[in-house]
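# Understanding the architecture of this molecule
Given next are the chains, with one letter for each unit.
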Amino acid sequence: MCGIVGYIGQRDTVPILINGLKRLEYRGYDSAGIAILNGEISIVRRLGKLKGLEDALLDGALPGLVGIGHTRWATHGRPSEENAHPHTDCSGDLAIVHNGIIENFLALREGLQSRGHIFKSETDTEVISHLIEEKYDGNLLEAVRAAIQEVKGSFAIAVISRHEPDRIIAARKDSPLVLGLGNGENFIASDIPAILGCTRSVILLDNDELAEVTCDGVRILTIDDLVVEREVFNVHWDDEAAEKCGYEDFMLKEIYEQPVAIRETIRSRFQDGKVVLENSSHLTDDIVKAVGKIFIVACGTSYHAGLVGKSVIENWARIPVEIDIASEFRYRNPVIDKNTLVVAISQSGETADTLASLREARARGAKVMAVSNVVGSSITREADGTIYTHAGPEIGVAATKTLVSQMAAIYTLALYLAQVRDTMPQAEIDVLASELKDLPKKVSGLLVDIATIEECAREFSDCKSFLFLGRGIGVPVAMEGALKLKEISYIHAEGYAAGEMKHGPIALLERSVPVVVVATKGHTYEKVISNIQEVKARDSYVIAVATEGDEEIKQHADYVFYVPETSEFLSAIPAVIPLQLLAYCIAKIRGCNVDQPRNLAKSVTVE
Ligand code: G6P
């Protein structure tokens, strides 16, 4: 949801800002802009992808040692050059970039207009620049502090002023912001990958904090003007992890990184028969034994990992699990007490609805466990404990490797709960642990030859609608298959429990609507085959995901994507891989931008 970046130092600022924005484009890409301070403030903005801004900047030198940049995902005001950030005040003496939503912007804007301020955009952001202008009395930090106290909503901002060219002022509330430390230069960004090419020393700014960033250092203060000493955190990621490394797209690279993502996520979590969860000191054995109910909350693809979690926690640990889409959970007054455990799944750790659900749950006395891929993200900082997925940075907007590592983390959590509550014989836990460890190899095997998937994609890439069906653990797989297809190829697709088909979706079936069926071996396999017959009787094509060795399925399906056998509940991981690839291949044939699908953003930090 918008990316921001800032630089102050001795180097030419434009390339640093552009490189940073390239790494943040996943957060939004409908327009982009930069402001450079060099006596005056020069602003260049362009509608559309970052490339347009980059090309515009090639035309003329824009020297300067201080600057801020932005890549936008529109909330208030359509995508246009006028609404692109940075925004200025009436005088043009200051410039601001913002990620978030100012909820009281209309009231603030009316007040500012009545006091003579002239607005040049339709954005909520512009009110902050005029507020700062109004409060400015020779001290930018104080003006920003006063301005943000009038603002309701979420924000991460970076502000520069012609009157104080030796600093950038940053502030945040409910939108992420990191500070990067260099030698005689310092950085601001929405996310760590944006500055990874320049520094590995990072400070995470907390809610209601401001930072004064100069060439020589950063000073962090609370909104109440208390000085904050914050630990510098060293990033170990390989910079290459955020590059395409010869792959055509990030999404394809990330699909191929899935074996490593799973391996890294389960590594050292199974030791001598024990399931080990780090960062879970709040989950003492007594607390785990007393848990009466678990809620899983998540959005998008993470919600599908949550559905897998519901199945395995209930089956293995015998704890009742409710699963909610976070935007529903936060407003539905759920029944929670101190024996409730809430598991908040979010790869980014910044999704606004998931964060709000976590706060709601904690306020009602529940313990909250986060599952996240981003160390130090808001959700991990506010949860009682975190199971980190170790998928490495995911740049493609449509989640792939973070999903399989979330599933691996959730399997681990379910086994941990089962072990502590003694709901499963140790021998069964050992078998599942060993099958889990085998998954990276099995997934690697699936990525070697994708010719059948490519052929199938060619045959059906013109279809207007797809149905995805599954039963049991196959339901979240079907839902994820449908989500991937619609996200990146813009084909309508629905994921359904196969048994529900006859209560509605069957009315959609005709030759031009292919049906993808997750038909891996399991206790409902025969039922799935019956559903396939019902589909065939309506003349639709059937594309089946089936277990290696299942020859019978060929009689029923037009295409079969085979996946290696594993335990039924673990089969969600191998089964989802061909569906990611099918969506990818169809989207490529249709000429879609798979890394940056229209209207989407990777990190949804607004409601
Ligand atoms: C966005 C992304 C999805 C992601 C969802 C939840 O919609 O495009 O890929 O699944 O947010 O994100 P989270 O970071 O909370 O997992």
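In what follows, the structure referred to is the one given above.
What you see is a predicted model; the values in this text were computed from it and never measured. (Residues numbered from 1 in each chain as written. Predicted model: local features only at pLDDT ≥ 70, side-chain atom pairs only at ≥ 80, totals over all residues. Heavy atoms only, no water.)

This part takes up unusual backbone geometry. Look at the link from H85 to P86: it is a cis peptide, with omega at 0°. Positive phi values are uncommon outside glycine, yet D422 reaches one of about 60°. Mapping D422 onto the fold places it in the loop between α13 (401-421) and α14 (426-446). (Helix = DSSP H or I, 4+ residues; strand = E, 2+ residues; numbered from the N terminus.)

Two modes of strand pairing occur in sheets, parallel and antiparallel, and in both the strands are linked by backbone hydrogen bonds. Spatial strand order, β24-β23-β25-β26-β27: five strands in an open sheet with parallel pairing. The sheet terminates laterally at β24 (492-497) and β27 (559-563), the two strands that pair on one side only. Each neighbouring strand pair of the sheet contributes to a mean axis angle of 15°, computed without reference to strand direction. Where strand β26 (residues 542-547) and β27 come together, five bridges link them in parallel fashion. (Pairing = 2+ DSSP bridges. Axes fitted to C-alpha atoms, helices over the stretch in contact; angles between N-to-C directions.)

A few words on the site of the ligand. Inspection of the region around the ligand gives 13 residues, with S302, S346, Q347, S348 and T351 positioned closest. One nitrogen or oxygen atom from the side chain of T351 is found 2.4 Å from an oxygen atom belonging to the ligand. Within the backbone of V397, an N or O atom sits 3.2 Å from an oxygen atom of the ligand. Taking 390 Å² as the accessible area of the ligand by itself, protein coverage stands at 92%. In terms of residues, the shell around the ligand owes the most to one element, helix α9 (residues 300-317), which gives three residues. (Near = heavy atom within 4 Å. Polar contact = N/O pair within 3.5 Å; in protein donor to acceptor, adjacent residues only side chain to side chain. Areas by Shrake-Rupley, 256 points an atom, 1.4 Å probe, with all protein chains shown as cover.)

The subject of this paragraph is the packing of helix α3 (residues 105-114) against helix α4 (residues 125-135). Contact geometry of α3 with α4 gives a least axis separation of 10 Å together with a crossing angle of 45°. With respect to α4, the element α3 is oriented oblique. In this structure, α3 crosses over α4, and the sense of that crossing is left-handed. Mapping the contact onto sequence places F105, L108, R109 and L112 in α3 and V127, H130, L131 and E134 in α4. Among the residues making up the contact of α3 with α4, the classes are represented as five nonpolar, one polar and two charged. (Parallel < 35°, antiparallel > 145°, perpendicular 65-115°, else oblique. Left-handed = near helix turned anticlockwise from the far one by under 90°. Contact = heavy atoms within 4.5 Å. Nonpolar A, V, L, I, M, F, W, Y, C, P; charged D, E, K, R; others polar.)

What follows covers the pairing of strand β3 (residues 40-47). Of the pairings in the sheet, the one linking strand β2 (residues 31-38) to β3 comprises eight bridges and is antiparallel in character. Residue pairing across strands places I34 opposite V44, the latter belonging to β3. Here β2 folds back onto β3, and the loop between the two strands holds one residue, one of which, G39, carries a positive phi near 80°.

Ranked by size, the top nonpolar core spans 96 residues in total, and within it I294, W316, Y411 and F466 carry the most contacts. At 14 residues, α13 tops the list of elements feeding residues into this core. Inspection of this core shows a minimum of three residues originating in each of domain 2 (242-446) and domain 3 (451-589). If we skip the residues at most four places from it in the chain, W316 touches Y411, A414, L415, A418, T423, M424, L432, F569 and L570. Counting residues in hydrophobic clusters, the runner-up holds 30 residues, among them I16, F187, A189 and V397. (Core = buried A, V, L, I, M, F, W, Y, C linked by side-chain atoms within 4.5 Å. Buried < 20%, exposed > 50% of the residue type's maximum accessible area, 1.4 Å probe, protein only. Domains from an automatic or database assignment.)

These figures capture arrangement, not role.
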